[in-house]
Amino acid sequence: MGFQCGIVGLPNVGKSTLFNALTSGNAQVANFPFCTIDPHVGVVPVPDSRLERLTELYRPKKTTPTFIEVVDIAGLVRGASEGEGLGNQFLGHIRSVDAIIQVVRVFEDSDIVHVHGKVDPVSDLEIIETELILADLNTLTGRLLKTEKSLKAGGAKDALLQRETLEQLKSHLEKGFPARLLPCSPETLAFRSSLGLLTQKPVLYVANVSEDASDLSSDTFARLKDAVKARNGELLSVSARIESEIAVLPVSERKIFLDELGMLESGLERLARMGYKILDLVTFLTAGEDEVRAWTVTQGTLAPQAAGKIHSDIERGFIRAEVMKFDDLDRLGSEKLVKEKGLLRLEGKEYTIQDGDVVYFRFHV
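Residues numbered from 1 in each chain as written. Predicted model: local features only at pLDDT ≥ 70, side-chain atom pairs only at ≥ 80, totals over all residues. Heavy atoms only, no water.

Digging into the overall build of the protein chain
Reasoning step 1: Scanning the protein chain from N- to C-terminus turns up 14 helices and 12 strands.
Reasoning step 2: Put simply, the protein chain has 365 residues, and 48% of those count as buried.
Reasoning step 3: Of the contacts formed within the protein chain by residues at least 6 apart in sequence, a portion of 69% connects residues at least 24 apart.
Reasoning step 4: When the accessible surface of the protein chain is split by element, carbon and sulfur atoms take 51% of a total near 18200 Å². (Helix = DSSP H or I, 4+ residues; strand = E, 2+ residues; numbered from the N terminus. Buried < 20%, exposed > 50% of the residue type's maximum accessible area, 1.4 Å probe, protein only. Contact = heavy atoms within 4.5 Å. Areas by Shrake-Rupley, 256 points an atom, 1.4 Å probe, with all protein chains shown as cover.)

Here it is as structure tokens:
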């Protein structure tokens, strides 16, 4: 599995339409709040042209991509942190995902009622962010109380550092800033992660634009870009309606449709790439007659731990990694030629896996 992302946003911004487009699913889509109550979950293969090329070269019995798990979470509303609109339930669903896809509406459509009466993506963004911040402040208040009790009882020696971290986070959030924008020291990294703060999660902002993309040149979209930039965020513009049309086409026809629209790739491909970026993930590949497969690991993963993604025995008995760069294999056209050119490397336990590595692990148990 690559990563799990939750799609959030106000009601009627196109979340479920986007979910259906990404997953080719059938989540209910309707023009009223809370149409989505229980979250829908879809598992989506990550498009990767490198897999297609390796399949062409190795002719394996099967080809296995890596996957994204997408969770369609019900529309949040103002007051969700206090339970409005089943807010507590929805916030709990957000807590379980690795990254948040926050959908904001840029398109105008008189037939689709905006929950606040007008299209204002910056306001939508701020409402969602405020509710997540308020939920995190509730979390921090509870943890501070527990930490104070621990200190009074002569508790753990790291309780002082934890209290200082909690107070810094609380002050930061009270100023209206998400937790991910507060620098984190190596000493507090594990503790910060254990808090499960919603605003600590990486966010990809998705602007749902009109089918003709005319609103990309609007003042509304310009303000949205500025708001996302101020948050050091990533902004992806898609038309959920167009992505829905792409999703129902046979795979063989999708490239033709994209070409007709002047699009180089689908929204799913762009979303996957940007999702990997915000989560600091890379993909390595394994290739042989039995299977060609993509694997997802965090940037900085060492070769033995990457091997453990395949099987724990391979990590335990790791001897070495035989590594080719995909670009070399693609250019030369065969593993044999890569070896003849001296481009296959033997790497040990301290080797850091790179995106696009084609790896064979030697091991003994």
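Thoughts on the nonpolar core
Reasoning step 1: Core analysis: the biggest nonpolar cluster contains 51 residues, and Ile94, Val206 and Leu224 have the highest contact counts within it.
Reasoning step 2: Looking at this core, the element that brings in the most residues is helix 4 (residues 121-152), giving six residues.
Reasoning step 3: In this structure, Val282, Ala303, Val323 and Ile353 belong to the second largest nonpolar core, which totals 15 residues. (Core = buried A, V, L, I, M, F, W, Y, C linked by side-chain atoms within 4.5 Å.)

Points about the sheet that holds strand 2 (residues 40-45)
Reasoning step 1: As summarised here, the arrangement of the six strands in space is 2-4-1-5-6-7, forming an open sheet in which the pairing is mixed. The open sheet has two edge strands with one neighbour each: strand 2 and strand 7 (234-238). If you compare each strand with its neighbour and ignore which way they point, the axes differ by 25° on average.
Reasoning step 2: Against the sheet, helix 1 (residues 15-23) contacts strand 1 (3-8), strand 2, strand 4 (67-72), strand 5 (99-105), strand 6 (203-208) and strand 7, and its axis sits at roughly 35° relative to strand 2. (Pairing = 2+ DSSP bridges. Axes fitted to C-alpha atoms, helices over the stretch in contact; angles between N-to-C directions.)

Describing the pattern of salt bridges
Reasoning step 1: Applying the stated criterion to the full structure yields 23 salt bridges.
Reasoning step 2: With a closest N to O distance of 3.3 Å, aspartate 290 and lysine 61 form a salt bridge. You can see aspartate 290 sitting in the loop between strand 8 (281-287) and strand 9 (291-298) and its partner lysine 61 sitting in the loop between helix 2 (49-58) and strand 3 (62-64), a full 229 residues away along the chain.
Reasoning step 3: Put simply, Asp48, Arg50 and Asp355 are held in one network by salt bridges that share partners. (Salt bridge = Lys/Arg side-chain N within 4 Å of Asp/Glu carboxyl O.)

Observations regarding unusual backbone geometry
Reasoning step 1: The phi torsion at arginine 59 lies on the positive side, around 50°, for a residue other than glycine.
Reasoning step 2: Among the secondary structure elements, arginine 59 is positioned in the loop between helix 2 and strand 3.
Reasoning step 3: Of note in the backbone geometry, asparagine 232 takes a positive phi value of approximately 55° without being a glycine.

A short note on helix 10 (residues 267-278)
Reasoning step 1: Over its 12 residues, helix 10 runs 16 Å from end to end, which matches the ideal 16 Å to within 8%, given 1.5 Å per residue.
Reasoning step 2: Of all the positions in helix 10, only Gly267, Leu268, Arg270, Leu271, Ala272, Met274, Gly275 and Tyr276 are classed as buried. (Expected span 1.5 Å × (residues − 1).)

A short note on the confidence of the model for the protein chain
Reasoning step 1: Model confidence for the protein chain is summarised by a mean pLDDT of 86, while 88% of its residues fall at 70 or above.
Reasoning step 2: This stretch, residues 25-38, has a pLDDT under 50; its non-local contacts, to residues over four places away or in other chains, come to 39 contacts.
Reasoning step 3: Contacts of residues 83-87 to residues separated by more than four positions or lying in other chains number nine contacts, the stretch itself having pLDDT below 50. (pLDDT = per-residue confidence, 0-100.)

Notes on the packing of helix 4 against helix 7 (residues 219-230)
Two numbers describe a pair of packed helices, the interaxial angle and the distance between the axes.
Reasoning step 1: Between helix 4 and helix 7, whose axes approach to 8 Å, the crossing angle comes to 35°. Where helix 4 abuts helix 7, its residues Pro121, Val122 and Leu125 lie against Thr220, Arg223, Leu224, Ala227 and Val228.
Reasoning step 2: For the contact of helix 4 with helix 7, the class distribution of residues is six nonpolar, one polar and one charged. (Nonpolar A, V, L, I, M, F, W, Y, C, P; charged D, E, K, R; others polar.)

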